[in-house]
Amino acid sequence: MPSSLQNDTFLRACLSQPVPFTPVWLMRQAGRYLPEYRATRARAGSFMGLATNPDFATEVTLQPVDRYALDAAILFSDILTVPDAMGLRLGFAEGEGPRFERPVRDEAAVAKLAVPDMAKLRYVFDAVASIRRALASRLPLIGFSGSPWTLACYMVEGAGSDDYRLVKTMLYARPDLLHRILAVNAEAVALYLNAQIDAGAQAVMIFDSWGGVLADGAFQAFSLAYTERVLRGLKRDADGHRVPHIVFTKGGGPWLEAIGKLGADVVGVDWTVNLGQARPRVGDGIALQGNLDPNVLFAGPAIIRGEVAASLASFHAAPLSTRNGHVFNLGHGISQHTPPEHVSVLVDAVHELSRPYHVLPQA
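Attention in this report is confined to the structure presented alongside it. What you see is a predicted model; the values in this text were computed from it and never measured.

Moving on, we get to the overall build of the protein chain. The helix and strand tally for the protein chain stands at 15 helices and 11 strands. In terms of overall dimensions, the protein chain is globule-like: its C-alpha atoms have a radius of gyration of 20 Å, near the 21 Å expected for 363 residues. Along the first, second and third principal axes, the C-alpha set of the protein chain runs to 65 × 45 × 45 Å. Carbon and sulfur atoms form 51% of the exposed surface of the protein chain, whose accessible area is close to 14500 Å². Averaging the locations of the 33 positively and 35 negatively charged side chains of the protein chain gives two centres separated by 2 Å.

A separate point is the environment of Tyr-123. Its location among the elements puts Tyr-123 in helix H7 (residues 122-135). We classify Tyr-123 as buried; its relative accessible area is 16%. Considered as a pair, Tyr-123 and Thr-52 are 71 residues apart in the sequence and their alpha carbons are 5.8 Å apart. Ignoring anything within four residues of it in the chain, the contact list for Tyr-123 reads Ala-51, Thr-52, Pro-54 and Thr-81.

Taken as a whole and judged by the stated rule, the model has 13 salt bridges. Residues Arg-67 and Glu-36 are paired through a salt bridge, measuring 2.9 Å at the closest nitrogen-oxygen approach. In this pair, Arg-67 sits in helix H4 (residues 54-67) while Glu-36 sits in helix H2 (residues 35-44), placing the two residues 31 residues apart along the sequence. The class of Glu-36 is partly exposed, set by a relative accessible area of 23%. Each of Glu-107, Arg-174 and Asp-176 takes part in a single network of salt bridges with overlapping partners.

Among the secondary structure elements, Gly-253 is positioned in the loop between strand E8 (245-249) and helix H12 (256-260). You can call Gly-253 buried: its relative accessible area is 14%. Separated by 17 residues in sequence, Gly-253 and Asp-270 place their C-alpha atoms 7.8 Å apart. Setting aside residues no more than four positions away along its own chain, Gly-253 makes contact with Val-273 and Arg-281.

All right, on to the environment of Glu-257 then. Along the polypeptide, Glu-257 turns up in helix H12. Residues Glu-257 and Pro-280 lie 23 residues apart in sequence; the distance between their C-alpha atoms is 8.6 Å.

Turning next to the packing of aromatic side chains. Counting across every chain of the model gives seven aromatic pairs. Plain terms: the ring middles of Phe-144 and Phe-207 are 5.6 Å apart, the flat faces sit at 85° to each other, and that makes the pair edge-to-face. With Phe-144 in strand E4 (residues 141-146) and Phe-207 in strand E5 (residues 203-208), the pair connects residues that are 63 residues apart, well separated along the chain. Residues Phe-144 and Phe-207 agree in their burial class; the two are buried. Among the aromatic residues, those joined into a ring-pair cluster are Tyr-37, Phe-47, Phe-76 and Phe-92.

With respect to the element layout, Asp-265 can be found in the loop between H12 and strand E9 (266-268). A polar side-chain atom of Asp-265 sits 3.2 Å from a polar atom in the side chain of Arg-236. When near neighbours in sequence (up to four residues on either side) are disregarded, Asp-265 contacts Cys-14, Leu-15, Arg-236, Arg-242, Val-243, Pro-244, His-245, Gly-285, Ile-286 and Ala-287.

Another aspect to go through is unusual backbone geometry. With omega at 5°, the peptide bond leading from Gly-290 into Asn-291 counts as cis. Following the sequence through the fold, Asn-291 ends up in strand E10 (residues 287-292). With a phi angle near 60°, Ser-16 is a residue other than glycine that sits in the positive phi range. By the element assignment, Ser-16 lies in the loop between helix H1 (9-14) and H2.

An α-helix turns once every 3.6 residues. As a result, residues three or four positions apart point the same way. In terms of residue burial, helix H5 (residues 81-88) counts as a mostly covered element, since six of its eight residues are buried. Along H5, the positions that sit buried rather than exposed are Thr-81, Val-82, Pro-83, Ala-85, Met-86 and Leu-88. Remark: Arg-89 follows H5 within two positions and exhibits a positive phi of approximately 60°.

The parallel open sheet is built from seven strands, whose spatial order is E1-E4-E5-E8-E9-E10-E11. Since the sheet does not close on itself, it has two edges, and those belong to strand E1 (73-74) and strand E11 (326-330), each with one partner. By the bridge criterion, three bridges tie E8 to E9 in an arrangement that is parallel. Paired with Val-247 across the two strands is Val-267, which belongs to E9. Lying over the sheet, helix H11 (residues 218-232) contacts E5 and E8, oriented at roughly 165° with respect to E5.

Our next topic: the side chain of Asp-270. Positionally, Asp-270 belongs in the loop between E9 and helix H13 (275-282). Here Asp-270 sits buried without a salt bridge, and the closest side chain of opposite charge, Lys-250, lies 5.5 Å off (N-O distance). Setting aside residues up to four positions removed in sequence, Asp-270 forms contacts with Phe-248, Lys-250, Gly-251, Gly-252, Asn-291 and Gly-331.

With 130 residues, the main nonpolar core has Phe-10, Leu-178, Ile-181 and Leu-346 as its most contacted residues. Those residues in contact with Ile-181 that lie beyond four places of it in its chain are Val-104, Val-110, Leu-113, Ala-152, Met-155, Val-156 and Met-170.

Reading the values: rules and limits
- Residues numbered from 1 in each chain as written.
- Predicted model: local features only at pLDDT ≥ 70, side-chain atom pairs only at ≥ 80, totals over all residues.
- Heavy atoms only, no water.
- Helix = DSSP H or I, 4+ residues; strand = E, 2+ residues; numbered from the N terminus.
- Rg over C-alpha atoms; globule rule 2.2 N^0.38 Å.
- Areas by Shrake-Rupley, 256 points an atom, 1.4 Å probe, with all protein chains shown as cover.
- Lys, Arg positive; Asp, Glu negative; His and termini not counted.
- Charge placed at Lys NZ, Arg CZ, Asp CG, Glu CD.
- Buried < 20%, exposed > 50% of the residue type's maximum accessible area, 1.4 Å probe, protein only.
- Contact = heavy atoms within 4.5 Å.
- Salt bridge = Lys/Arg side-chain N within 4 Å of Asp/Glu carboxyl O.
- Phe/Tyr/Trp six-rings, centres within 6.5 Å; stacked < 30°, edge-to-face > 60°.
- Polar contact = N/O pair within 3.5 Å; in protein donor to acceptor, adjacent residues only side chain to side chain.
- Pairing = 2+ DSSP bridges.
- Axes fitted to C-alpha atoms, helices over the stretch in contact; angles between N-to-C directions.
- Core = buried A, V, L, I, M, F, W, Y, C linked by side-chain atoms within 4.5 Å.

Written out as structure tokens, the structure reads:
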């Protein structure tokens, strides 16, 4: 582990090494539930003004780790930076979320698709380098990308979707076109994450946010296979240290065995998965990340502590024959309506209640 880090618990847990307590970070931990984020967002003038400015990205990345005793920072960026760099023209309408001006829906559009020049994403890599400097060795920094399948969903639909009708129609009617999109995405995502590692990211995460909407069989062919392709292309070391690879498929519970065989160091799971049962399913030496329901954070402190205790107890349930690290997280991104003081309760409860599980036996 990087010896200069003041807190490397997250990196050790990712590699299933002994730790004094269970580390915790939260998906979407830098976001609209924080008043300081909303103030910075107002100064930036727009979401893209925030995400494409390394100074603003640094500021909002550090806000949650300055406020809470979190064990990792995650780059503030958007999941759709890669297809935006492909020329699809990403925009954000107020209250509507991301939308592409040029969705990819026919043979001609697919034929024109190409891996983007990484120079177009320089603002992301500059932000990574800036955040690393600002962290000053306090905590590790996580870089990330959407999975090839998740990016394809947005690229074909043109925006978020309730039924994924357009991309699934392509999947069944013209699988050749979708495979072409996914192949381009996989190459681009691998280059993108490696560039983040070069800029200073100490772990990288692939968000397969929409893998769980696929049918069995389609998941393996159109999501899993291309996530595996990305992982095969990723750097495993930087500056003489391992760079853990994390894969999170929301709704991926039915396929944990297959996900565990991808070669990632960490498998993220949502709240539908029993952590203790997941350990033998992902296999020995694979860490788990998750998996509290984000809506627990709307309950009172006693309920939050109780749910944290239950999640930790689930992970450590005996008998277990596998060696698995555990990174505590939510089962998906934190809600913008979450009371900020409840996050303090969660983080402190994870650290306090996990310590008894990590006491090493006396010789």
